[in-house]
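Residue-level listing of the chains:
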Amino acid sequence: MNKTTLLLVTLFCITSSFFVGYYFGKSLSLQEIEDMKQSLQVSLHLHGNTLDVEKSHSDIRVIIDGKELAETGSIELKK
């Protein structure tokens, strides 16, 4: 095998491994972002003048009428 063939094979392997790594790395990053969006959600339900708030994680801040809701629960809204 001459030096030119060895150089071309080496360059092909380096280039193909870069593109394969880039493709799978980008795919994993997008999947992690989607998982984070799904796991950090707030659910709101309105029943008359009562607003039920469910947080999936305790670190999520919910602010209603300028007041921070400390926990999951319900708030009575003024009409």
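About the cut-offs
Residues numbered from 1 in each chain as written. Predicted model: local features only at pLDDT ≥ 70, side-chain atom pairs only at ≥ 80, totals over all residues. Heavy atoms only, no water. Helix = DSSP H or I, 4+ residues; strand = E, 2+ residues; numbered from the N terminus. Buried < 20%, exposed > 50% of the residue type's maximum accessible area, 1.4 Å probe, protein only. Contact = heavy atoms within 4.5 Å. Core = buried A, V, L, I, M, F, W, Y, C linked by side-chain atoms within 4.5 Å. Phe/Tyr/Trp six-rings, centres within 6.5 Å; stacked < 30°, edge-to-face > 60°. Pairing = 2+ DSSP bridges. pLDDT = per-residue confidence, 0-100.

Another aspect to go through is the overall build of the protein. The helix and strand tally for the protein stands at one helix and five strands. Counting from the amino terminus, the protein carries its helices and strands in the arrangement α-β-β-β-β-β. In the protein, buried positions account for 9% of the 79 residues. Across the protein, the fraction of contacts at a sequence separation of at least 24, relative to all contacts at a separation of at least 6, is 20%.

Right, let's talk about the nonpolar core for a bit. With six residues, the main nonpolar core is built from L51, V53, I60, V62, I64 and L69. Where this core is concerned, the elements lending two or more residues are β2 (50-55) and β3 (62-64).

If you walk through the whole model with that rule in mind, you get two aromatic pairs. Considering the side-chain rings of F18 and F19, the 5.3 Å spacing of their centres and the 70 degrees angle between planes classify their relative orientation as edge-to-face. Both residues of the pair, F18 and F19, belong to the exposed class. Seen in terms of ring centroids, F18 and Y22 are 6.4 Å apart; in terms of plane orientation they differ by 20 degrees. Their pairing is stacked.

On to the pairing of β2, then. Of the two faces of β2, the one lined by L51, V53 and K55 is fully buried and the one lined by T50, D52 and E54 carries no buried residue. In terms of strand pairing, strand β1 (residues 42-47) meets β2 through six bridges, oriented antiparallel. For H45, the partnering residue across the bridge sits in β2 and is D52. Linking two consecutive strands that pair antiparallel, namely β1 and β2, is a turn of two residues; a positive phi of about 65 degrees is found at G48 within it.

With that settled, consider the environment of T72. By secondary structure assignment, the location of T72 is in the loop between β4 (67-69) and β5 (73-76). Expressed as a C-alpha distance, the spacing of T72 and D52, which sit 20 residues apart in the sequence, is 8.0 Å. Sequence-distant contacts of T72, defined by excluding residues within four places in its chain, comprise V53, E54 and K55.

Before going further, it helps to examine the confidence of the model for the protein. Summary statistics for the protein give a mean pLDDT of 76 and a share of 80% for residues scoring 70 or more. Confidence scores differ between elements of the protein, with β5 showing the lowest mean pLDDT of 70 and helix α1 (residues 3-39) the highest of 80.

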